[in-house]
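Geometric and topological summary
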Amino acid sequence: MGQDTVRTPPADGAAELRREQRGWYVYDWACSVYSTSVLTVFLGPYLTSVAKSAADADGYVHPLGIPVRAGSFFAYSVSLSVIVAVLVMPLVGAAADRTGRKKPLLAAAAYTGATATAAMFFLDGDRYLLGGVLLIVANAAQSVAMMLYNSYLPQIAPPEQRDAVSSRGWAFGYAAGSLVLVANLVLYTGHEGFGLSESAAVRICLASAGLWWGAFALVPLRRLRDRRTAGREAALPGFRQLAATIRDMRRHPLTLAFLLAYLVYNDGIQTVISQASVYGSEELGLGQSTLIGAVLLVQVLAVAGALTMGRLARVYGAKRTILGSLVAWTVTLAAGYFLPAGAPVWFFVLAAGIGLVLGGSQALSRSLFSHLVPAGKEAEYFSAYEVSDRGMSWLGPLLFGITYQLTGSYRDAIISLVAFFVLGFGLLARVPVRRAIAEAGNPVPDRI
């Protein structure tokens, strides 16, 4: 593929630009099934059961000789994968910007993650260590690949198109997640009719996500183009590179201010996603089938929500639309506090509210941040964005846990998360995004 030296293609390359955008959408279609079917639904309970089968009489497994309660093994593996990703993402991001060769790095990350996910088919018996290693590799690779994928946005979409392009990408991802999750649930719930054990059905669901990821990743890897960049200094190791990126961001304090606001309200979003099932099962007394159905409803409605909020952004601007979504998140949590126990219908209503604002708030945050990134530093800055997205979302679960510990009420714990949306609203409202875009050296859209 040829390379060019401009950040976005000229007007006479509109057809090629649309081709790249369509390929870009397909990567979200490819990888989102990992987040939905593997990480959200199947792997946690299954890996925990595998660890428990390998545990000693006291309920502990001993990876590398370290005593770990079997029920905590999945959570610790996820945490370790985040640490690996935080170390690797800034290094890969700086290398991508320095060389201009994002596509080989995206291919390496995507197929590392897809291969590790497909290999989960062999996770049976008491192979908890294999499961932990595959989870760490797949989750870290997913984070690195998403960082590179996101960094293409300012290169493939001119400023006036980014909200719509970003929203379509999220919609494609949620659509794929819904489609594959439906197929997986049919297989899982009817496994006896297919002549499969429950374990075999789960392992097929896990592996199919990796095969889906790898197969559809071929489309963006054929359509996206590398772009030549000016020479950059050598990338630094891990945390040193992240620190260097943050120091560089200090020259763009308004970009850093937006990132801080995003870190706060996204922490709230991620905590709601991770703790909603706990709230549903422990506080509301709902069964597993209800919770899985609610996850599916969120996925389906997130498609419509992302596209609708993308259209709203064209009328009201991305910042105002995100602020509106944060108000909607606050109202949804407040309503969740009053949900009656043992009433699945109202829990589905809550899931519908989450789905309608979930995709749009994330998609528009990504597109707005893309305007605030200096040209030639897309991957490096998006590595910091991805760290905020995946590596810093621990305050919310901590507040949720502490609130429950002090009060013994999951209702108090869920309402405590309103603080993240209120504070995030206040921080984002104070960011003058038009001036921030101009100070980053980028053209300011008519509507932002």
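Residues numbered from 1 in each chain as written. Predicted model: local features only at pLDDT ≥ 70, side-chain atom pairs only at ≥ 80, totals over all residues. Heavy atoms only, no water.

1. As for the overall build of the protein
- The secondary structure content of the protein amounts to 18 helices and two strands.
- Since a compact globule built from 448 residues should have a radius of gyration of about 22 Å, the 21 Å found for the protein is in line with a globular shape.
- With respect to the principal axes defined by its C-alpha atoms, the protein has extents near 60 × 45 × 40 Å.
- Contacts spanning at least 24 positions in sequence make up 83% of the contacts within the protein whose residues lie at least 6 apart.
- Carbon and sulfur atoms make up 65% of the accessible area of the protein, which amounts to about 18,200 Å² in all.
- For the protein, the centre of its 36 positive side-chain charges and the centre of its 27 negative side-chain charges are spaced 9 Å apart. (Helix = DSSP H or I, 4+ residues; strand = E, 2+ residues; numbered from the N terminus. Rg over C-alpha atoms; globule rule 2.2 N^0.38 Å. Contact = heavy atoms within 4.5 Å. Areas by Shrake-Rupley, 256 points an atom, 1.4 Å probe, with all protein chains shown as cover. Lys, Arg positive; Asp, Glu negative; His and termini not counted. Charge placed at Lys NZ, Arg CZ, Asp CG, Glu CD.)

2. Notes on the packing of aromatic side chains
- Considering all chains together, one arrives at 23 aromatic pairs under this definition.
- Pairing Tyr262 with Tyr385 gives two aromatic rings, centres 4.5 Å apart and planes at 15 degrees, and the pair type is stacked. Highlighted residues: Tyr262 in helix H10 (residues 253-283) and Tyr385 in helix H14 (residues 378-391), separated in sequence by 123 residues.
- Note on Tyr262: relative accessible area 2%, which makes it buried.
- Judged by relative accessible area, Tyr385 falls into the buried class, the value being 2%. (Phe/Tyr/Trp six-rings, centres within 6.5 Å; stacked < 30°, edge-to-face > 60°. Buried < 20%, exposed > 50% of the residue type's maximum accessible area, 1.4 Å probe, protein only.)

3. What to know about the side chain of Gln155
- With respect to the element layout, Gln155 can be found in helix H5 (residues 153-156).
- Note on Gln155: relative accessible area 6%, which makes it buried.
- Of note is the side chain of Gln155, whose polar atom sits 3.1 Å from the side chain of Lys102. (Polar contact = N/O pair within 3.5 Å; in protein donor to acceptor, adjacent residues only side chain to side chain.)

4. Here we look at helix H15 (residues 395-407)
- Between its first and last C-alpha atoms H15 spans 18 Å; for 13 residues at 1.5 Å apiece the expected length is 18 Å, and the two agree.
- Buried residues of H15: Gly396, Phe400 and Thr403, and no others. Mapping the buried residues of H15 onto a view down its axis gives an arc of 70 degrees, with all of them on the same face. What points out from H15, more than 90 degrees from its buried face, is the exposed set Gln405 and Leu406. (Expected span 1.5 Å × (residues − 1). Arc of directions from axis to C-beta.)

5. Brief notes about the environment of Gly169
- Looking at the secondary structure, you find Gly169 in helix H6 (residues 162-189).
- It is 20 Å that separates the C-alpha atoms of Gly169 and Tyr111, two residues lying 58 residues apart in sequence.

6. Points about the nonpolar core
- By size, the foremost hydrophobic cluster in this structure holds 128 residues, and its most contacted members are Trp24, Tyr27, Leu43, Phe258, Tyr265, Trp329 and Phe369.
- Counting residues per element, this core draws most heavily on helix H1 (residues 14-54), which supplies 16 residues.
- Once residues lying within four places of it in the same chain are set aside, the contact partners of Phe258 are Tyr265, Ser365, Leu368, Phe369, Leu372, Leu428 and Val431. (Core = buried A, V, L, I, M, F, W, Y, C linked by side-chain atoms within 4.5 Å.)

7. Quick look at the confidence of the model for the protein
- In the predicted model, the protein carries a mean pLDDT of 85, and the fraction of residues at 70 or more is 92%.
- Confidence over residues 1-12 falls short of pLDDT 50; this stretch has 34 contacts with residues more than four positions distant or in other chains. (pLDDT = per-residue confidence, 0-100.)

8. So, a nonpolar patch on the surface
- Nonpolar side chains collect at one region of the surface, where Leu80, Ile83, Leu87 and Val88 lie side by side and expose about 300 Å² of accessible area between them.
- Topologically, Leu87 is positioned in helix H2 (residues 73-99).
- Judged by its relative accessible area of 34%, Leu87 falls in the partly exposed class. (Patch = residues over 30% accessible without salt bridge, like charges linked within 9 Å, V, L, I, M, F, W, Y side chains within 5 Å. Salt bridge = Lys/Arg side-chain N within 4 Å of Asp/Glu carboxyl O.)

9. Concerning the pattern of salt bridges
- The final tally for this structure, using the stated rule, is five salt bridges.
- With its nearest N and O atoms 3.6 Å apart, the salt bridge here joins Asp124 to Arg127.
- By relative accessible area, Asp124 is classed as partly exposed at 28%.
- The residue Arg435 makes a salt bridge to Glu439 at a minimum N-O spacing of 3.3 Å. Residue Arg435 and its partner Glu439 are both found in helix H18 (residues 433-439); the two are separated by four residues, about one turn of the helix.
- Connected through shared salt-bridge partners, Glu16, Glu20 and Arg225 make up one network.

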